[in-house]
Amino acid sequence: MDFIELTVQAPRDLADILVAELGEVGFDTFEDNDAGFCAYTTEEVFDRDAVAEIMSRYEGIGELAFSDRVITRQNWNAEWEKNFQPLIIAEKVSVRAPFHPKPEGVAYDIEIMPRMSFGTGHHETTALMIENQLDIDHQGKRVLDMGCGTGILAIMAEKLGARQVLAVDVEPWTVENAADNAAENHCRTIECRLGGVETLAEEAPFDLILANINRNVLLEDMHEYARLLPTGKPILFSGFYEEDLAKITAEATKHGLRYERHRTLRSWVSAIFIKL
């Protein structure tokens, strides 16, 4: 299966609206840039007419342009290798590809080969999640990473002392990629599993849940996250804009999750909640 990359040029205020609209027609990953953003979905989900209809509703509101292209599975590595640069998060965490040299002076070093998966740390949500992870005690904890992508958050969890990590994603190649990245980082506590929340029906509770997905999935699956979290334990959410935090908080509150605090970066959010 191949990806569709939709490139949108739009002013910031309009871009935020368009991200919300595109999320309703199957796009689930977004990357900001200076001109607007790129949105991603799979080729089987992509509906060009639906995209055109959304864009037509906002013509005349600032400069708006868009185009789409197929990113084949075979070409994915070439795309990210061409643009991928080493990254330092919170002056403590290095995220790099295996062909980059290991930097000095960081507490944690993570090697990532994204292949067909998203989650190199360069997107705001991944970086924000890692920053929040640095504030949370992982030592000896059992951790769930929902929507694991490359496995970067699961790897970070083990490096922070987690005793067991379950990394879950709905895409087969993503699960394979996460497992490969876990092995590349010499992780021994990470299990990578294909599926969604339905695969967690028989799971025991977790001490910490990491859920960097998107607004709609978080809202839909909130009850399951809450069920799997004991009283007093934290859950970290990301994958949505600051304007959606109120919706996330309202749904979380219904299920006994109390808002604690959040970080923002270019309008993206990562928030910490505690199970009551």
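Before reading on, note that the structure itself is shown above.
Residues numbered from 1 in each chain as written. Predicted model: local features only at pLDDT ≥ 70, side-chain atom pairs only at ≥ 80, totals over all residues. Heavy atoms only, no water.

Visitor: Quick question: what am I supposed to make of the side chain of Asn132 here?
Guide: Here Asn132 shows up in helix 4 (residues 124–134). Residue Asn132 is classed as buried on the basis of its relative accessible area, which comes to 1%. In contact with Asn132, not counting residues within four places along its chain, are Leu236, Arg263, Ser270, Ala271 and Ile272. (Helix = DSSP H or I, 4+ residues; strand = E, 2+ residues; numbered from the N terminus. Buried < 20%, exposed > 50% of the residue type's maximum accessible area, 1.4 Å probe, protein only. Contact = heavy atoms within 4.5 Å.)

Visitor: How should I be thinking about the sheet that holds strand 8 (residues 142–146) in this particular structure?
Guide: The strands making up a sheet are joined through hydrogen bonds of the backbone, oriented either antiparallel or parallel. Taking strand neighbours across the sheet as the criterion, the seven strands line up as 10-9-8-11-12-14-13 in an open arrangement whose pairing is mixed. Whereas interior strands pair on both sides, the edge strands pair on one side only; in this sheet they are strand 10 (190–194) and strand 13 (257–265). The average undirected angle you get between the axes of adjacent strands in this sheet is 15 degrees. Each of strand 11 (208–212), strand 12 (234–241), strand 13 and strand 14 (268–275) touches helix 4; the most contacted strand, strand 14, lies at about 35 degrees to it. (Pairing = 2+ DSSP bridges. Axes fitted to C-alpha atoms, helices over the stretch in contact; angles between N-to-C directions.)

Visitor: I tried to follow the pattern of salt bridges on my own but got confused; where do I start?
Guide: Where charged atoms from two side chains of opposite charge come close, those side chains can pair. Tallied over the entire structure, the rule returns 19 salt bridges. Between Glu111 and Arg96 there is a salt bridge, with its nearest N and O atoms 3.0 Å apart. Remark: Arg96 occurs in strand 6 (residues 93–96) and Glu111 occurs in strand 7 (residues 108–111); sequence separation between them is 15 residues. Per residue, the accessibility class of Glu111 equals that of Arg96, and both read buried. (Salt bridge = Lys/Arg side-chain N within 4 Å of Asp/Glu carboxyl O.)

Visitor: Would you explain the packing of helix 7 (residues 215–227) against helix 8 (residues 245–254) in this entry?
Guide: Any two packed helices are characterised by how steeply their axes cross, that is the angle between the axes, and by the distance between the axes. At their nearest, the axes of helix 7 and helix 8 sit 9 Å apart, and the two run at 10 degrees to each other. When the axis of helix 7 is compared with that of helix 8, the two are roughly parallel. Judged by residue contacts, Arg215, Leu218, Leu219 and Met222 of helix 7 engage Lys247, Ile248, Glu251 and Ala252 from helix 8. A breakdown of the residues in the contact of helix 7 with helix 8 according to their chemical character gives five nonpolar, no polar and three charged. (Parallel < 35°, antiparallel > 145°, perpendicular 65-115°, else oblique. Nonpolar A, V, L, I, M, F, W, Y, C, P; charged D, E, K, R; others polar.)

Visitor: In this structure, what is going on with unusual backbone geometry? I would like to understand it.
Guide: The backbone of Glu91 shows a phi angle near 60 degrees, a positive value even though the residue is not glycine. Structurally, Glu91 is set in the loop between strand 5 (87–89) and strand 6. Residue Glu91 is classed as exposed on the basis of its relative accessible area, which comes to 71%. Non-glycine residue Arg266 carries a positive phi angle of around 50 degrees. Relative to the helices and strands, Arg266 is located in the loop between strand 13 and strand 14. Of the residues examined, Arg266 reaches a relative accessible area of 54% and is grouped as exposed.

Note that all results are geometric; they support no functional claim without further evidence.
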